[in-house]
Structure formats: structure tokens, C-alpha cells
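Chains, contacts and geometry: an overview
The primary structure of each chain is shown beneath.
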Amino acid sequence: MERISSLYLHVPFCTWLCKYCDFNAYAVLEGLIPQYVEALAGEIEAQKARLPVGPLETVFIGGGTPSLLTREQLRLLLDRVRAIGLRQDAEVTLEANPSNVTAERVEGWLELGINRLSIGVQSLQPGALRFLERLHSGVEAIEAIRTARAAGFRNINGDLLYGVPGVDLSGWMETLETVIDEGIDHLSAYELTVEQGTRLGQEVRTGLVRMPDADSQLEQYWAAVDRLEAAGFVHYEISNWARPGRTCRHNLANWHYRPYLGCGAGAHSMFRLDEGTTERRWNVKGPHAYIKRIAQGQDAADDREQLSHDRALGEAAMIGVRLMGGTPTTGNFLDVRRQLVESGLLIARLRPLPSRARISRRAGRPSRGSARR
Amino acid sequence: MSRALAACDGAVLVVDASQGIEAQTIANVHQALDHKLKIVPVVNKIDLPQANPELVREEIEKVIGLPAESVIFASARQGIGTKEILEAVVREVPPPTGDREAPLRALIFDAKFDAYRGVVTYVRVLEGTLRKGVRILMMQTGKSFEVDEVGIFRPERTVIEDLSAGEVGYLIANIRNVRDSRVGDTVTDAARPAATPLPGYRHVTPMVFAGLFPTDTEQYQQLKEALEKLQLNDAALVYEPETSAALGFGFRCGFLGLLHMEIVQERLEREFNLTLLGTAPTVEYRVKLRNGEEVPVDNPDHLPDPAEIESISEPMVTATIVVPSAYVGNMMELSQERRGQFLNMEYEPGDRVLITYRMPLAEIIHDYYDQLKSRSKGYASLDYELVGFEEASLVKLDVLVGGSPVDALSMIVERSKAQQQGRRLTEKLKTLIPRQLFEVPIQAAIGGKIVARETVPAMRKDVTAKCYGGDVTRKRKLLEKQKEGKKRLKRVGNVEIPQEAFMAVLSLD
């Protein structure tokens, strides 16, 4: 099995479940956190013995709201991570809700070796924050960025959402400008997606909420592309931007189709088995079930799926087209590329999209005449 | 309704003291009178604050022609009038006249399927006696069975010794196949069969037709079995296999009316757990060809080439609308828009007006009832009756999606309205067909000539959502599913057409 150098830890607890969220997260189980952290630490230790994992190049603690954990709880987890082997220059990310980003906490995170903070800003427009059911204000989100920066974080991501009902282009740009002005290092800007099974999904289905049409969502997207480019950000994935040298190494490893281990309730893992087969497996979703499994010394995997060579290639391509750097052209892909070129389906090699990809962009722009033939 | 009426000698007519007489009340009374039933009129719910029993009693005499003094006031909830009703039944309804000793003749008026006992056949014995152990013969199908159990309804099934002339009950005889116990058939004694079967039921003719297709092609067999089971106690439901280039294999079904169609579709989906795609309902046209032949057409797509057509006739109905006088104008306006010919208008007690129109059935099934309700704030009631066929100037309107004709979207429309209908239909479809990866033209055509066109713009974006660990698996599965789906949808020119689009033709106003 290919050695694993990326680790994801899932913390599925939140103070409030935002109505659009379809992640594996729970709002009323905070009482379970101590037991859960124990179990998670246990799983990391057990996996270390089972799998060829480490030294780790990236660690990502996501959720849920992992910033709810105490310093001691985070310390326990990171101690277990270090036992696997953590490279000196590893990227260690913690996802944080703006409400939890206090000077005291931030100091603790830095002391524990967390060197990248991903803050769930989402929006700075009061109407949007209310609509999204975020419990923090725009001011608090800005404060969170400043606090982290002042304490010494040099790699801060902001999560943003565009295409939110009630936010027009100027509102969206205001949010974006402010976040850029705060000196953010990385931005993930996602279109608000209506997922089935969420309260937003229900509201859209029953007609209570009307989502903005595709053209106006796209208008906000392209405006962000232009603005961030002008501000010196590198657009490296379809919805992700970074200041030079600040791309998210953990996510890039996933997107470059490199194996990773996921620990925690509902966490997904991807392994490359020796026969060239790709395996995806995922843990039981519920925190209670997860804790029980680990306590009984069992593997937390709920199910697994082995992907054939072709399917894995398809997946890699599906993810790869979202990257401005294109799909990797090494390993298995070399063969496929040669075949494609030989059969005349691929004219030259896949090239990174030029940073100013005017042709494709103009065709996608609603406001400019060239879209209407 | 008609089947149950054939099994009785009398009927209790229950009219709501707060609602008064509705169009369906009149229709049902006429049916009961056709079966020569003795009618006991009752005004129920007289305890309601908004009840006006005196007025309703007057209405019964005026509209239905039953003497006002025979009307019984009742409140089932408070037990008022129950005794009077039972006494009226005993006094008014004639006793059965059949001979208990004659050869057995029992009319099957309903049947149910019981998973443990097989078919439970509901019968009315008109002559002779039916008892356990007897070998019976179904006179139409010629099938023979041994009776396991006979009983009556009180109202749950209760076993008794025998059912004799005049009695209504059920029989269980290890009948496995629902088709062996046909509603309308006559049950007789195999050892001493009756000379002639009972007249049974007038064959009910379906008036509204629609295609039903399983959205999952693997459910075809299940749909077939479900229709068989439904037909067991629903003789009015007819169906035959149909193949649509757009929708695959399904069934063309005939229904008594729109309500019947909705009920059947609802039952298929709920009781049999099927997911169906129904095409817009149409009526049955009679097409006279130039070679003198006359063919029935219940599917717009099957309309012969216009060059071969001499004339087309469509079914006409007499529509009876009962409505408060304030809405008479609205009702008349609506009916005129729908090619209605005014026949009659009568003012009844209680500010009620009875309006009759002669109009094409095709107009009625195109959301006429919904319009009737919405333009009368829900007060109007409607009943209609087929009165014959009438020649009309009609053409077939075809719809092309992405350049390919979609047979299931074709409709037959009045020539003078065709172009306008085509425009409305394409506009409507534009809002209902989701964006694809390419532009999709929607065209309406009459005999090969395009009369309207709209374009669904291409999809602009599809990949901006997040894509982390678990999302990858989910996205790949979605893509694989879409790929599967596309294979099936190739026949519709690569365009996915949702159910609502097939119903769009119903509400073009």
C-alpha cells in the first residue's frame, strides 16, 4: 500500500446546525465531546498500527466545529498525531468558527503546533448571516481574522459563500473586498448549494425560499475571479484562491489523488492498494456508534469500496479538471494520455489554464455580448 | 357507484344541510332512478350552526322532484333521525322478490383481494341460495370453484350459513386469479345452473385516456400486475400496452373521468409503490378516413396523416354546473372560452343556479374543473355526461425538443387556436425543461410546419460546489448515474424532460 502522508480528523459537533449544512455534524451532543475525543485519539493510535501512515505532511482538523475543543483535548489529539510522525514543515490546519477565535484560544492553538487556521466567515452581510443562520456577526468574523493574525498566524483561510438569496453583486463584492483588505492568505469561495435533506433544501422545495438564478450566481463568481486576481491571489482550484505559497497542501494532496487517512465519525479515507487498486472507506456516521466501536477495539469503518483502475482514473480526472494545474500527468495517467494522443482524441498535452483565461471566461459571461451567438 | 346501485332495491340520499345540493348529487340521483331504486331523502348535519335544513328540503323537492314531506332531518353525530330513517327504509324499500328455491343466480358487484384467502367476491343473490361447500360456476368465464365461506357485512365480514334470494354478502372460494371473479358476472350452482345469466352491467366506456409509464423501466412488470389488481374491482379501468419513443414501455389507460384518473394514479403510486410518469389526458376521437374507414384515436400521436383524414369528430358532453348566482357571469365566460354552447339556466332556491352547457369533453379535461373552482371561489360543482360525437376542425400539434419529436407531448387542438396554443406550450415548456449542457430548442409544429419556437439556454456552471473527501464518492456516483440516465434518455434527443412538462398542455391559459 502506498504510504499515507495526509491525515484528516473529524469533529462532528456544532453549537447550531446552519440550515444549508449537509456535513456530518450534530448540534445537541456537545456533552459527548470528552468521550469522543478519547475515541478519536484511540482510532489514530489503532490506525498507526494497521496502516503505512506517516511521516505526515498535512493534518486537517475539520468538522463540525473543532474550535469547540479545549486546549487539552486538542493536545491529546496532536500528541497522537505526533506519535505517527509529523514532518517539521507539516501543514496543520484547524477549522474555526469566528465565535471561538479568542486571543487566549489562538495562542493555545499556535503553541500546539497548529499553523493554519480556516475561519468560517461565510459572509459579512447581516442579512446573509441571518439567512444562513450563522451565530456570529460580520464584525466578529473580522475580529477573528485580526486576532489570529495578531497572535502570529501567517496562514489564514476564510470560507465564503456567494449566491446567497438577498445578496446582490455589490453586497458580495463588499464582503470580498473587506476580507481581502484584512490580509487574508487564502479564500475558499463556494456557491451556496442546496443539498437535499437540509432545512434549506426543504425550504426551497416548498417554495419558501427562492435561490438566485444560475446567471446571477455566475456573475458573482466571475466578479470574484477578477477581483482576487487583481489582488494578487492565485486561482488554483475552481473555488479556491491563495496568496503565492499559501495553497492548501492538505486539500491539494486530496485533489492530486494522493492517499489520505480520515479518522473520526463519518470520516472518509482513500488508500492506494498494492495492486494499483484504489480503496475508499468511510467510518460510521453517528458519534455514539463511533465511540462504541472504538471502545470495543473495532475498526470504525462502516463500508468500503474498491475502485478499478478505470474508475479511479475517472475520479482523478473529475477532481483534476477543477484544478488550474490540470490532472497529474505522472504514473497511470501517462499511459492514458499516450493512448488518447495516439487515438487522436487528445491533440497535445493537457496544459494549465492560463491565469487570464479570457476565451473560456468570456463565453461564460452573461453580461458580455459574445455569449449570445 | 353504478355497480353498488345495481345490487340494491333502495337508496338513502344524504344531503349535507350546510352544503345543499351539488352537481354530483343530481347525477347520483339520476343513476339511482335509472336503476328503479326507491329513494329515501335525508338532510344530515342539521346540528351545524350554518345548516339550513328547511331550504335544503325545499331544494330536494324543486331540483330532484322528491316530495318535501318525505325528507327526514338527521344528525348522525347527535343521533337525530336514525330511527326515522330505518323505519322509512323498512316502509318504503320493497322486499326482495326472488325465489329461494330457483337455480342460483348471484350478481358480482365488487371484489377484493385478500392475501390469505384469495379473492373475496361481493355478491347479491337474486334467486336461489348460496351455501358453503357448493360448487359454483361463473357464467361469463366458465370457471368453477368450491365455496369455502359465505357471509354478510355488518360491516366487517361475518360468516353465516347461507345467502339466499334478496341477500347481499360475500363468498370466498379459493379464487387465486382476480380475473376469475369479474364484476358484473353471474354466479350459479355448477350442479344446477341457471338457464340465463343476469343482465350484469352496462359496459362502462372510458372517456379519458392517458399513458402511464414507469420512470424506472424495471417497474414495467410491477405496473402491469398492479393494473390487473386494480381492475379487479374497477371495471371502468381499461388498459393496453403502449410504447412511446420518448418514454419507453407503458400502458395506455382509459378512465371514466379526471377524478377516476387521479385516483388510479394515486393508488398505483401509493399502494403499489410505483413511480409513474403520466402523459396529459386526452379524449377518444373518431377519425373518418378518405377510404371510408372510421378509426378511434385515443392517443394524439396516433392521429393518421392529415392527407388521409376526411373528418375528425370529438366527444361532446352536457356539463351541469351548480353555482351561487354571484358567479354565473364567470362560469359563462369560462364555458364560452372553452367552446361551450349554452343550453339552459335555472334559478333554484337558496341562491343557486343550475347552468347547462354542451361542450367538447376535451375542453373539460383541460383544467376546466380547476378553473371552475378558482373562478367561483370553490363554490361551483360540476357534473358531465357524454352525449355523442360532433365533427370539429382539429389538428395535431407536435412538439420537438432538441430537434426530435416527443410523441408524448403531442396534442390535438382546434385549428383556429393551434398557433396560439403552440406558442403558449413552448413558452411553458421552456420554464419546465431544465438547462442542459447545450442549448435546447423547443418547437411546436403543425403538419411539419414550425409555428413556435423557444430556446432553453445551456447550463452555465455545474462544478463550483465544494469537493472534499466524501463529496468525491458522492459526485462520482452522481456522474455515473447521470451517465446511465443518459442512455435511457437518448431517445428524447438527450434532453431530460420532467413529469410537469407532460402536464403543461393541460393549463395553457
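Residues numbered from 1 in each chain as written. Chains lettered and ligands numbered in written order. Predicted model: local features only at pLDDT ≥ 70, side-chain atom pairs only at ≥ 80, totals over all residues.

1. Side note on the overall build of chain B
In terms of helices and strands, chain B carries 12 helices and 28 strands. Here chain B, with 509 residues, has 38% of them falling under the buried criterion. For chain B, contacts bridging at least 24 residues in sequence account for 68% of all contacts bridging at least 6. (Helix = DSSP H or I, 4+ residues; strand = E, 2+ residues; numbered from the N terminus. Buried ≥ 20, exposed ≤ 12 C-beta atoms within 10 Å, placed from the backbone. Contact = placed C-beta atoms within 7 Å.)

2. Some details on the overall build of chain A
Of the regular secondary structure elements, chain A holds 13 helices and 12 strands. Looking at chain A as a whole, 39% of its 373 residues are labelled buried.

3. Digging into the packing of helix α3 (residues 103–111) of chain A against helix α5 (residues 138–151) of chain A
Residue and element names in this part refer to chain A. Relative to each other, α3 and α5 sit at 45°, their axes nearing to 9 Å. Relative to α5, the element α3 is oriented oblique. Handedness of the α3/α5 crossing: right-handed. Here Ala103, Val106, Glu107 and Leu110 of α3 lie close against α5, whose contacting residues are Thr147, Ala148 and Ala151. Tallied by class, residues from the contact of α3 with α5 come to five nonpolar, one polar and one charged. (Axes fitted to C-alpha atoms, helices over the stretch in contact; angles between N-to-C directions. Parallel < 35°, antiparallel > 145°, perpendicular 65-115°, else oblique. Left-handed = near helix turned anticlockwise from the far one by under 90°. Nonpolar A, V, L, I, M, F, W, Y, C, P; charged D, E, K, R; others polar.)

4. Some points on the interface of chain A and chain B
Chain A puts 21 residues into the contact, and the matching count from chain B is 15 residues. Breaking the side of chain A that touches chain B down by element, the ones donating at least two residues are β6 (186–191), α8 (214–230), β11 (278–283) and α11 (309–320) of chain A. Counted by class, the side of chain A that touches chain B contains nine nonpolar, seven polar and five charged residues.

5. A word on the sheet that holds β11 of chain A
Residue and element names in this part refer to chain A. Taken together, the three strands give an open sheet; going across it, the order is β10-β11-β12, and neighbouring strands pair in antiparallel fashion. Edge positions in the open sheet fall to β10 (268–272) and β12 (301–307), since each of these has one partner strand only. Each strand of the sheet is rotated relative to its neighbour by a mean of 20°, with strand direction disregarded. Where β10 and β11 come together, five bridges link them in antiparallel fashion. Following the sheet pairing, Phe271 is matched in β11 by Glu279. (Pairing = 2+ DSSP bridges.)

6. Some remarks on the pairing of strand β28 (residues 449–456) of chain B
Residues and elements named next belong to chain B. Where strand β27 (residues 440–446) lies against β28, seven bridges are found, and the strand directions are antiparallel. Across the sheet, Gln443 pairs through a bridge with Arg453, a residue of β28. The hairpin turn running from β27 into β28, its antiparallel successor, is two residues long, and Gly447 in that turn takes a positive phi close to 50°.

7. What to know about the pairing of strand β13 (residues 186–189) of chain B
Residues and elements named next belong to chain B. Here β13 shows no split at all, with Thr186 and Thr188 on one side and Val187 and Asp189 on the other all buried. Summarising the sheet, strand β4 (residues 105–114) and β13 pair through two bridges and their orientation is antiparallel. Looking across to β13, one finds that Ala106 is bridged to Val187. As judged from the three bridges shared by strand β7 (residues 135–138) and β13, these two strands associate in the antiparallel manner. Each residue of the ladder has a partner; that of Met138, found in β13, is Val187.

8. Section: the confidence of the model for chain B
Residue and element names in this part refer to chain B. Of all residues in chain B, 94% have pLDDT values of 70 or greater, and the mean over the chain is 86. Averaged over each element, pLDDT in chain B is lowest for helix α11 (residues 469–489) (67) and highest for strand β3 (residues 72–73) (96). In the predicted structure, residues 486–491 sits below a pLDDT of 50 and forms six contacts with residues beyond four places in sequence or in another chain. For this predicted complex, the interface confidence reaches an ipTM of 0.73, while the overall pTM sits at 0.57. (pLDDT = per-residue confidence, 0-100.)

9. Digging into the environment of Gly127 of chain A
Position of Gly127 of chain A relative to the elements: it lies in helix α4 (residues 126–132). In this structure Gly127 of chain A touches Gly166 and Val167 of chain A, once residues within four positions along its chain are discounted.

10. A short note on the sheet that holds β7 of chain B
Residue and element names in this part refer to chain B. Reading across from one edge, β8-β7-β13-β4-β5-β12-β9-β10 is the order of the eight strands in this open sheet, with antiparallel pairing throughout. What marks the edges here is a single partner per strand, and that holds for β8 (144–146) and β10 (157–159). Strand-to-strand twist across the sheet, computed as the mean angle between neighbouring axes with direction ignored, equals 40°. Here three bridges tie strand β9 (residues 149–153) to strand β12 (residues 168–172), and the two strands are oriented antiparallel to one another. For Gly151, the partnering residue across the bridge sits in β12 and is Tyr170.

11. Some remarks on the confidence of the model for chain A
For chain A, per-residue confidence averages 87 on the pLDDT scale, and residues scoring 70 or more make up 87% of the total. Residue range residues 348–373 of chain A is modelled with pLDDT below 50. Its contacts to residues more than four positions away, or to other chains, number 26 contacts.

12. Digging into the packing of helix α6 (residues 169–181) of chain A against α8 of chain A
All names here are of chain A. Packing of α6 against α8 leaves a shortest axis separation of 10 Å and a crossing angle of 35°. You can see that α6 and α8 cross each other, and the crossing is right-handed. On α8, the residues that touch Leu169, Trp172, Met173 and Leu176 of α6 are Glu219, Gln220, Ala223, Ala224 and Arg227. Of the residues belonging to the contact of α6 with α8, the class tally is six nonpolar, one polar and two charged.

13. Looking at the environment of Tyr257 of chain A
Residues and elements named next belong to chain A. Mapped onto the fold, Tyr257 is located in the loop between α9 (249–255) and β9 (261–263). A count of 22 C-beta atoms within 10 Å places Tyr257 in the buried class. The spacing of Tyr257 and Gly320 is 63 residues in sequence and 8.5 Å in space, taken between C-alpha atoms.

14. Quick look at unusual backbone geometry
In the segment running from Gly54 of chain A into Pro55 of chain A, the intervening peptide bond is cis, with an omega of -5°. You can see Pro55 of chain A is positioned in strand β2 (residues 53–63). Each neighbour pair has its own omega, and for Arg154 of chain B with Pro155 of chain B the value is -20°, a cis peptide bond. Inspection of the secondary structure puts Pro155 of chain B in the loop between β9 and β10. A positive phi is found at Gln122 of chain A, a non-glycine position, where the angle reads about 65°. Structurally, Gln122 of chain A can be placed in strand β4 (residues 116–122). Since 26 C-beta atoms lie within 10 Å of it, Gln122 of chain A is described here as buried. Here Asn273 of chain B, not a glycine, exhibits a phi torsion of approximately 55°, which is positive. As for its position among the elements, Asn273 of chain B is in the loop between α6 (258–271) and β17 (276–278).

15. Overview of α6 of chain A
Residues and elements named next belong to chain A. End to end, α6 covers 18 Å across 13 residues, agreeing with the expected 18 Å (1.5 Å per residue, within 8%). The set of residues buried in α6 consists of Trp172, Thr175, Leu176 and Val179. Looking straight down α6, one finds its buried side chains confined to an arc of 95°; they lie on one side. Exposed side of α6, more than 90 degrees from the buried face: Ser170 and Asp181 are the residues found there. On its buried side, α6 packs onto β4, β5 (156–162), β6 and α8. Just beyond α6, the residue with positive phi is Gly183, at close to 80°. (Expected span 1.5 Å × (residues − 1). Arc of directions from axis to C-beta.)

16. Points about the nonpolar core
With 124 residues, the main nonpolar core has Val123, Leu130, Val208, Ile321 and Ile433 of chain B as its most contacted residues. For this core, the element with the most residues is strand β20 (residues 309–324) of chain B, which contributes seven residues. Those residues in contact with Val123 of chain B, other than ones at most four positions away along the chain, are Ala106, Leu107, Ile108, Phe109, Gly169, Tyr170, Leu171 and Val187 of chain B. Of all hydrophobic cores here, the second largest spans 81 residues; its members include Leu40, Val101, Ile145 and Tyr290 of chain A. (Core = buried A, V, L, I, M, F, W, Y, C linked by C-beta atoms within 7 Å.)

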